[in-house]
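# A structural walkthrough
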Amino acid sequence: MSLVGELTYFLGMQVNPMEDTIFISQSKYAKSIVKKFGLENTNN
Amino acid sequence: MTHIKLTKDDSGVNFDQTLYMSMIGSLFYHTTSKHDITFVPGVCSRYQAEPKTSHLTQVKRIIKYINRTYDYGILYSHVTGSMLVGYCNVDWDGSTDDRKSTSGGCLFLGNNLISWFSKKQNCVSLSTTKIEYIAAGSSCTQLLWIKQMLKEYNVE
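Only a predicted model underlies this, so the values are computations on that prediction, with no experimental measurement involved. In every chain, residue numbers begin from 1 and rise along the written sequence. Working convention: letters from A go to chains and numbers from 1 go to ligands, in the order in which they are written. Selection of residues for local features in this predicted model requires a pLDDT of at least 70, selection of side-chain atom pairs for listing and counting requires 80 or more, and totals for whole chains, interfaces and linings are taken over all residues. Processing note: side-chain calculations cover all non-hydrogen atoms of the structure and skip hydrogens and water entirely.

## Side note on the overall build of chain A
Convention followed: Secondary structure elements follow DSSP: runs of H or I no shorter than four residues count as helices, runs of E no shorter than two count as strands, and numbering proceeds from the N terminus. For every residue, the accessible area (1.4 Å probe, protein chains only) is compared with the maximum for its type, and the residue is labelled buried under 20%, exposed over 50%, or partly exposed between those bounds. Residue burial considers only the protein chains on display, and all accessible areas are found by Shrake-Rupley using a 1.4 Å probe. We treat Lys and Arg as the positive residues and Asp and Glu as the negative residues; His and chain ends play no part in the count. Here the site of a charge means NZ on Lys, CZ on Arg, CG on Asp, or CD on Glu.
Along chain A, the regular secondary structure elements total one helix and three strands. The secondary structure elements of chain A, listed N-terminal to C-terminal, are β-β-β-α. When the 44 residues of chain A are sorted by exposure, 36% land in the buried category. Carbon and sulfur atoms provide 58% of the accessible area of chain A, an area that totals close to 3,400 Å². Of the side-chain charges in chain A, 4 are positive and 4 negative, and the distance between the mean point of each set is 20 Å.

## Points about helix 1 (residues 27-36) of chain A
What counts here: By construction, the arc corresponds to the directions joining the helix axis to the C-beta atoms. By definition in these notes, contact holds between two residues if any of their heavy atoms fall within 4.5 Å.
Those residues of helix 1 of chain A lying buried are A:Ser27, A:Tyr29, A:Ala30, A:Ile33 and A:Val34. Across the axial projection of helix 1 of chain A, the buried residues extend over an arc of 160°, all falling on one side. Those residues of helix 1 of chain A that are exposed and aimed more than 90 degrees away from the buried face are A:Lys28, A:Lys35 and A:Lys36. On its buried face, helix 1 of chain A sits against strand 2 (13-17) and strand 3 (21-25) of chain A together with helix 1 (17-30) and helix 3 (53-68) of chain B. A:Gly38 sits one or two positions beyond helix 1 of chain A and adopts a positive phi of about 65°.

## Side note on the sheet that holds strand 1 (residues 9-10) of chain A
Worth spelling out the cut-off: When DSSP locates at least two bridges between a pair of strands, those strands are taken to pair.
In spatial order, the strands read 1(A)-2(A)-3(A)-1(B); together these four strands make up an open sheet with antiparallel pairing. Looking at which strands have only one partner, the edges of the open sheet turn out to be strand 1 of chain A together with strand 1 (73-77) of chain B. Bridge count for strand 2 of chain A against strand 3 of chain A is four bridges, and the pairing is antiparallel. Within strand 3 of chain A, the residue paired with A:Pro17 across the bridge is A:Ile22.

## What to know about the nonpolar core
Inside soluble globular proteins, nonpolar side chains tend to come together where they are buried. How we decide: Think of a nonpolar core as a cluster: buried Ala, Val, Leu, Ile, Met, Phe, Trp, Tyr and Cys residues, connected wherever their side-chain atoms sit within 4.5 Å.
B:Leu27, B:Cys44, B:Val59, B:Ile62, B:Ile63 and B:Ile66 are the most contacted members of the largest nonpolar core, which has 21 residues in total. A total of five residues in this core trace back to one element, the largest contributor, which is helix 3 of chain B. The residues contacting B:Ile63, other than those within four sequence positions of it, are A:Val34, A:Phe37, A:Leu39, B:Met23 and B:Leu27.

Below is the structure:
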């Protein structure tokens, strides 16, 4: 086991620590599912 | 989707079940950071046994929504109160096929969203009061569990 620093990305979850908040999102994963099902160029 | 009632659509055109289930699975995983789509994949997942193109249209709409809102997430702040608050609600007669209602709820610790759920109720009900009680019951279960857990962690 090794210590790789603060958690930033794990299983598609992005963890962004800011001053006194933490923002959790899956924007990379979201983009990948849109791309996987071929809907990235649709707008409505 | 709010005004669209999905049904089994027996006369509809069949769609590849494996692909449909894969789409639903991907959407469910995305709900871990995007609670605004907790309900809709649940509705679409009811038709996994025999997906039709009419169901696929709705799943595609959810993915298109994700395409526009991919950067949404949950913000947790350190500076916040520690009051545990729960909300719950229910849709009346939400499922056209079996007439069961769906409970939904969310729990906040201070300003932070810590738990949420959306689940179709197990029984058919004849009164709106009863379905509200069922939803309140599920919410309280969750609330008490978190309350106990906070106590164990010594969070006031």
